[in-house]
Amino acid sequence: MTTTFCDPAQVVNRKSPGKLDDWMRALIAFACCVTFLGVAIGSHLLFGQIDRAVERGWVPSGIVFLTAFSVLAAYLPPAKLSRSLRVAVLLPVVHASILALAWPAWLVLSRFLNDHNSATELVTHFPIATAAGITLVAFIAFVVVVARRRSGEWLHGLTMLALSELLLLGLWLPISCAICSGGRFYWTPTHPLVDDLLGRVLLTIVPPTVIALTFAAAGVIQPARLVAARRRIVAVVGTLFVLAVATRLGASAREMVLYSNLLPMLLVALCVAIASLMLFAAAFAIRSLRAWRAFRRMRRTDGVVADDDKAPALGFEITSWLRGPRIVQRPFAVTIAGATIPVSGAHLVAALPAATTQLNVGECYGVLRAGDRVTIAGHANASGDPFRTSAAPLSGELFIAPADRGPSGFAAVALAMWRPCVAYLLIVVAVAIPALAALAAT
């Protein structure tokens, strides 16, 4: 149980509840710009390799238009929370839509390439959907085993694993191309760009995946150590980022073409990351709805959190940007009509408070404190049982809801997942910058 909770007044004084700091809004705006530039430049370079006599259709320009329209449509309508927060949550969906349109079109048109020697099977026939599905299932199996009996933690572990895999693979890809370019500076049918396809795939995937699996397991099993080590983690990632940019700036023609051929594996990691975010959102919404329905079906009683400790009884902790908030609680009691019910491990029926947008990593926000009015369900009166002679209520599988139950609907889901979404956007930017740096160097 984490005992260091923030003063609610201090948290609210940082910014208005539901609003984001200036640097976060700037990051999200920059991610939107990188998305638009990446789609515009990527479409031009990708479909520009097709023979000019082949009709490309609406796809290249249509994808660029769809990107701009989607970002504006996500930002312009009024919002209960920050508009930037809404854009951060919806932008991964935009990325998924763009990929779903662009990749099938590329597979159809790739047989009309101007230079077939520069395109391997990785970039012309790679089954992204199948590879992403297999990877997602494998990741889920891993985090379920690691999380074990930690209720709901496998979902958070999945987002941590998928996002860290995307970051590490994206930064390792240019470095691996520089370390082992695979042959001479030229390539021909007799001297192919990639002569050992399996070895190249393993060199690209295995190192970042092993590190990502270790990181996610540590985040699920020992989140406190992860918080304590965050500065060292940032330093290591920063070093990898600098190396990735440096290798791309000085990349040879062979390294640049090899990098472009390995991009489908990065797109697989992108698909898995987006899928993990969507799965987290869907699971969170379903579990919240099921908890509300179970809560309403049970007999409910109003009470007050007993004044037995000055520390908050229950709250939310931010342990990482790569996962949603973590519920923390201590044993406490609820007073009902002169009787006292001990509570330990109750199901919280409440959305995240909007003020949690102001929490920093390692901080907690108290939802229930001594003296707060609550509604509980799942308790029973002891009467008629020879082994239960007390007339006081007894606790079973308790559900507890504070008087102020917070936002609902999309706002509740957005409050739970906006940090992993912002982390996803930061990762996408970090992965895209080396690629754009190579274009600037040419």
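Note that the coordinates shown come from a computational prediction; the quantities given were computed from them, not determined experimentally.

A.B. asks: How would you explain the pattern of salt bridges if you had to name every residue and give the values?
C.D. replies: If charged atoms from side chains of opposite charge come close, those side chains can pair. Within the structure shown, the criterion is met by three salt bridges. Among the salt bridges present, the one from Arg326 reaches Glu317, with a minimum N-O distance of 2.4 Å. The buried category is assigned to Glu317, whose relative accessible area is 7%.

A.B. asks: Which residues make up the packing of helix α7 (residues 153-179) against helix α11 (residues 253-297), and what values go with them?
C.D. replies: Two elements in contact, α7 and α11, have axes separated by 9 Å at closest approach and are oriented at 170°. Judged on the interaxial angle alone, α11 and α7 are roughly antiparallel. Grouping the amino acids of the contact of α7 with α11 by side-chain chemistry returns 24 nonpolar, four polar and two charged.

A.B. asks: Residues and numbers for the packing of aromatic side chains, please.
C.D. replies: How two aromatic rings sit relative to each other is set out by the distance from centre to centre and by the angle between their planes. This structure, assessed with the given rule, holds five aromatic pairs. Ring geometry for Phe65 and Phe69: centres 6.2 Å apart, planes at 20°, overall stacked. Pair noted here: Phe65 and Phe69 are both in helix α3 (residues 59-75), with a separation of four residues, about one helical turn. Since its relative accessible area comes to 59%, Phe65 is described here as exposed. Taking the centre distance of 5.5 Å and the plane angle of 90° together, the rings of Trp321 and Trp418 count as edge-to-face. Note that Trp321 is positioned in the loop between β3 (314-317) and β4 (326-329) and Trp418 in helix α12 (residues 410-441), a separation of 97 residues in sequence. Classification of Trp418 as buried rests on a relative accessible area of 0%. Three or more aromatic residues joined by ring pairs make a cluster, and in this case those are Trp23, Trp321 and Trp418.

A.B. asks: I'd like a rundown of empty space enclosed by the protein, residues and numbers included.
C.D. replies: With the rule as written, the count across this model stands at one cavity of 30 Å³ or more. The calculated volume of the largest cavity comes to roughly 40 Å³. Taken together, Pro174, Cys177, Ala178, Thr247, Arg248, Ala251, Glu255 and Tyr259 form the lining of the largest cavity. Put simply, the parts of the chain that give the lining of the largest cavity at least two residues each are α7, α10 (230-249) and α11. No other element matches α7, which puts three residues into the lining of the largest cavity. Grouping the constituent residues of the lining of the largest cavity by class yields five nonpolar, one polar and two charged.

A.B. asks: Could you give an account of the pairing of strand β6 (residues 339-343), naming the residues involved and the relevant values?
C.D. replies: Covered by surrounding structure in β6 are Ala339, Ile341 and Val343 only, the residues Thr340 and Pro342 on the alternate face being uncovered. Between the end of strand β5 (residues 332-336) and the start of β6, which pair antiparallel, lie two residues, with Ala337 showing a positive phi angle near 50°.

A.B. asks: Can you tell me about a positive patch on the surface, naming the residues and giving the values?
C.D. replies: Together, Arg293, Arg296, Arg297 and Arg300 make up a positively charged patch on the protein surface. Take the positive patch: its biggest share by element is three residues, from α11.

Calculation rules
Residues numbered from 1 in each chain as written. Predicted model: local features only at pLDDT ≥ 70, side-chain atom pairs only at ≥ 80, totals over all residues. Heavy atoms only, no water. Salt bridge = Lys/Arg side-chain N within 4 Å of Asp/Glu carboxyl O. Buried < 20%, exposed > 50% of the residue type's maximum accessible area, 1.4 Å probe, protein only. Axes fitted to C-alpha atoms, helices over the stretch in contact; angles between N-to-C directions. Helix = DSSP H or I, 4+ residues; strand = E, 2+ residues; numbered from the N terminus. Parallel < 35°, antiparallel > 145°, perpendicular 65-115°, else oblique. Nonpolar A, V, L, I, M, F, W, Y, C, P; charged D, E, K, R; others polar. Phe/Tyr/Trp six-rings, centres within 6.5 Å; stacked < 30°, edge-to-face > 60°. 1 Å grid on protein atoms, 1.4 Å probe; cavity = no way out; pocket = protein on both sides within 12 Å on 5 of 7 lines; lining within 4 Å. Points joined across faces, edges and corners; volume = space filled by probe spheres on them. Pairing = 2+ DSSP bridges. Patch = residues over 30% accessible without salt bridge, like charges linked within 9 Å, V, L, I, M, F, W, Y side chains within 5 Å. Areas by Shrake-Rupley, 256 points an atom, 1.4 Å probe, with all protein chains shown as cover. Lys, Arg positive; Asp, Glu negative; His and termini not counted. Charge placed at Lys NZ, Arg CZ, Asp CG, Glu CD.

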